[in-house]
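# Report on the structure
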Amino acid sequence: MVQLLKVILPLAALTLLSAVFLLSRGVDLGSPIPFAEDEIVERTRDQQVTGPFFSGVTPQGEQIQVQAKLARPGGLDSRGEAVDLAAEIRLLNGRMITLRSDMGALELDRDMATFTGNVVITTSDGIRITTEELNTALSGVSGNSPGEVQGTGPIGKFTAGSMEIGAENDGGPIHIRFKNGVKLVYEPKTSER
């Protein structure tokens with residue numbers, strides 16, 4: 001029986017292997033590449049990375065994740081930039097801050113990332129803030145918005161001339177501080193009966 005299987009099994013394997021090649025479908029060599037012509041020209045003209053993703057932990061232990069649709073490296077006289085930028089920060093107390101913007105720039109020598117164009121900041125506490133520019137540190141959870149901010153939260157709508165994100169003292173909890181003409185429209189929740 002063993003002698004018979006020594007002959008039959010290798011022959012069966014060769015038959016199956018040859019059937020794979022004989023019955024396989026041919027490749028259509030005339031089919032176009034699945035990219036638009038304009039997209040190919042743009043990708044070959046400039047250096048860029050599609051779908052970049054960065055993840056790290058600050059010295060205090062906060063987790064930071066940043067991703068973009070597209071990123072281009074900077075040069076000696078220009079900053080690196082990203083398109084459709086999104087970031088997520090998980091704080092030590094379990095709360096979360098998310099950032100989204102149309103564009104972003106990175107300046108390693110200044111330890112700064114800049115979110116620009118329709119910047120939306122949301123917190124797990126229910127606060128949603130919009131502004132046109134947000135400057136953040138790369139080495140920790142801190143940042144500021146030099147221009148006007150608008151937002152909504154559990155207590156109502158608000159506007160401010162500027163905003164800062166960060167700890168009040170080293171190792172302390174992260175706070176969002178609004179400055180320069182803060183205006184709050186208090187909207188108490190009506191209790192349901």
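Refer to the structure printed above.
A few points on the structure. Given the structure is predicted, the values throughout are model-derived calculations rather than measurements. (Residues numbered from 1 in each chain as written. Predicted model: local features only at pLDDT ≥ 70, side-chain atom pairs only at ≥ 80, totals over all residues. Heavy atoms only, no water.)

Below, the discussion takes up the pairing of strand E12 (residues 162–167). Working note: regular strand, side chains alternate between the two faces of the sheet. As paired elements, strand E9 (residues 143–145) and E12 share 3 bridges and run antiparallel to each other. In the strand pairing of E12, glycine 143 is matched with isoleucine 165. Pairing analysis gives 6 bridges linking E12 to strand E13 (residues 174–179), with the strands arranged antiparallel. Residue pairing for E13: serine 162 is matched across the bridge by lysine 179. Here E12 hands over to E13 after 6 residues, with glycine 171 in that stretch at a positive phi of 80°. (Pairing = 2+ DSSP bridges. Helix = DSSP H or I, 4+ residues; strand = E, 2+ residues; numbered from the N terminus.)

Right, let's get into the packing of aromatic side chains. How two aromatic rings sit relative to each other is given by the distance of their centres and the angle of their planes. This model, assessed by the stated rule, comprises 1 aromatic pair. Considering the side-chain rings of phenylalanine 158 and phenylalanine 178, the 4.8 Å spacing of their centres and the 55° angle between planes classify their relative orientation as tilted. Placement of phenylalanine 158 in strand E11 (residues 156–160) and of phenylalanine 178 in strand E13 is noted, with a sequence separation of 20 residues between them. (Phe/Tyr/Trp six-rings, centres within 6.5 Å; stacked < 30°, edge-to-face > 60°.)

On the surface, a cluster of nonpolar side chains totalling about 830 Å² of accessible area is made up of Met1, Leu4, Leu5, Val7, Ile8, Leu9, Leu11 and Leu14. Relative to the helices and strands, leucine 5 is located in helix H1 (residues 2–23). For leucine 5, a relative accessible area of 38% gives the class partly exposed. (Patch = residues over 30% accessible without salt bridge, like charges linked within 9 Å, V, L, I, M, F, W, Y side chains within 5 Å. Areas by Shrake-Rupley, 256 points an atom, 1.4 Å probe, with all protein chains shown as cover. Salt bridge = Lys/Arg side-chain N within 4 Å of Asp/Glu carboxyl O. Buried < 20%, exposed > 50% of the residue type's maximum accessible area, 1.4 Å probe, protein only.)

Moving on: the environment of leucine 184. The residue leucine 184 is located in strand E14 (residues 183–186) in this model. Through-space distance from the C-alpha of leucine 184 to that of alanine 160 is 8.8 Å; in sequence the pair is 24 residues apart. Excluding its chain neighbours within four sequence positions, the residues that come into contact with leucine 184 are Ile155, Gly156, Lys157 and Phe158. (Contact = heavy atoms within 4.5 Å.)

Note that every value here comes from positions in space, so none of it alone points to a role or purpose.
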